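Listed here are the chains, written in short residue letters.
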Amino acid sequence: MDVRPFVFGHDCGRLGRMTVNDSTSRMLGFIKSFERVVVTALICFMTVVILLATVDVGRLVVLEVMREPVGLLQIDGLLDIFGMFLLVLVGIELLYTLRAYWVEDEVHVEVVFAMALIAVARKVIILDVKQLDSLVLVGIAALVLALSAGYYLVARHVHAVCSEKRAGSRQG
């Protein structure tokens, strides 16, 4: 990295020369602080959204149970409930991803794959298959297969890395 000094204006009472390393580290610090504020706000918003969606799932269950015939759920009602339920699960997985990023400064790719699989499963559950073209169904099947394969490969890699770390810590 280039560490040649350059002239910088007013810097907290210090006039004169500042190195590129100083300005780079300050910029990176600012970006890191900005990321923390944004992720914290997203965590707060996601918590509120999940809470409201959970209340909505409860409301939907009560309304479906009270619908004629009382106590029996109709297929369309079940599909609505399952769709909302899986939507809450996607929100929880997204919250978990945000929390992991906030705590560990990294995105857990296997969680992102799991979240995508849940989202596709939700879509499959609420789809009216009779109304869809067969090519759309093939596309959805290919998407599920690709996401499943990606999840498997990432999970296998994570397991292998963790096993190596555990074996290395026992020997060291």
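Calculation rules
Per-chain numbering applies: the sequence of each chain, read as written, is numbered from 1 onward. Under the rules for a predicted model, residues below a pLDDT of 70 receive no local features and side-chain atom pairs below 80 are neither given nor counted, while totals for whole chains, interfaces and linings still include all residues. Working from all heavy atoms in the structure, the side-chain values ignore hydrogens and water. Numbering of helices and strands runs from the N terminus, with a helix taken as a DSSP run of H or I at least four residues long and a strand as a DSSP run of E at least two residues long. Two rings belonging to Phe, Tyr or Trp (six-membered ring only in the last case) form a pair when the distance between their centres is within 6.5 Å. Interplanar angles under 30 degrees mark stacking, angles over 60 mark edge-to-face geometry, and anything in between is tilted. Partly exposed describes any residue whose relative accessible area lies between the buried limit of under 20% and the exposed limit of over 50%, with all areas from a 1.4 Å probe on protein chains only and scaled to the type maximum. Any Lys NZ or Arg CZ found within 6 Å of a ring centre and within 35 degrees of that ring's normal is scored as a charge over the ring. Expected span, for any helix, means 1.5 Å times one less than how many residues it has. Any two residues having at least one pair of non-hydrogen atoms within 4.5 Å are treated as being in contact. Values of pLDDT, the confidence the predictor places in each residue, fall between 0 and 100. Helix axes are fitted only over the stretch in contact, all axes being lines through C-alpha atoms; the angle between N-to-C directions runs from 0 to 180 degrees. Oblique is the label for any angle not under 35 degrees, not over 145, and not in the 65 to 115 range, which are roughly parallel, roughly antiparallel and roughly perpendicular in turn. Helix crossings fall into two classes, left-handed where the near helix is turned counterclockwise from the far one by less than a right angle and right-handed where it is turned clockwise. Gly counts as polar in this scheme, as do all residues outside two lists: the nonpolar Ala, Val, Leu, Ile, Met, Phe, Trp, Tyr, Cys and Pro, and the charged Asp, Glu, Lys and Arg.

Caption draft 1: Unusual backbone geometry, seen in detail. The omega angle of the peptide bond from Glu68 to Pro69 is -10 degrees, so this bond is cis rather than trans. With respect to the element layout, Pro69 can be found in the loop between α1 (20-66) and α2 (75-104).

Caption draft 2: Broad picture of the packing of aromatic side chains. Using the criterion set out here, one finds one aromatic pair in the structure. Each ring, one from Phe30 and one from Phe34, has its centre 6.5 Å from the other, and the planes form 20 degrees; the classification is stacked. Placement of the pair is Phe30 and Phe34 together in helix α1, with a separation of four residues, close to one helical turn. When sorted by exposure, Phe30 lands in the same class as Phe34, which is exposed. Across from the ring centre of Trp102, 4.1 Å away, lies the NZ or CZ of Arg36, which sits over that ring.

Caption draft 3: Seen up close, helix α3 (residues 109-126). Between its first and last C-alpha, α3 extends 26 Å over 18 residues, near the 26 Å set by a 1.5 Å rise per residue. All of the buried residues along α3 are Val111, Ala114, Met115, Ile118 and Val120. If you follow the buried residues of α3, they end up packed against α2 and α4 (134-171).

Caption draft 4: Molecular detail of the confidence of the model for the protein chain. In the predicted model, the protein chain carries a mean pLDDT of 83, and the fraction of residues at 70 or more is 88%. Mean pLDDT in the protein chain bottoms out at strand β1 (residues 5-11), which sits at 40, and peaks at α1, which reaches 91. Within the model, the stretch residues 1-16 combines pLDDT values under 50 with 29 contacts to residues more than four positions away or in other chains.

Caption draft 5: Focus on the packing of α3 against α4. The N-to-C vectors of α3 and α4 enclose an angle of 155 degrees; their axes lie 9 Å apart at closest approach. Taken together, the axis directions place α3 and α4 in an arrangement best described as roughly antiparallel. The hand of the α3/α4 crossing is left-handed. Contact residues: α3 offers Val109, Glu110, Phe113, Ala114, Ala116, Leu117, Val120 and Val124, while α4 offers Ile140, Leu143, Val144, Leu147, Ser148, Gly150, Tyr151, Val154 and Val158. A breakdown of the residues in the contact of α3 with α4 according to their chemical character gives 14 nonpolar, two polar and one charged.

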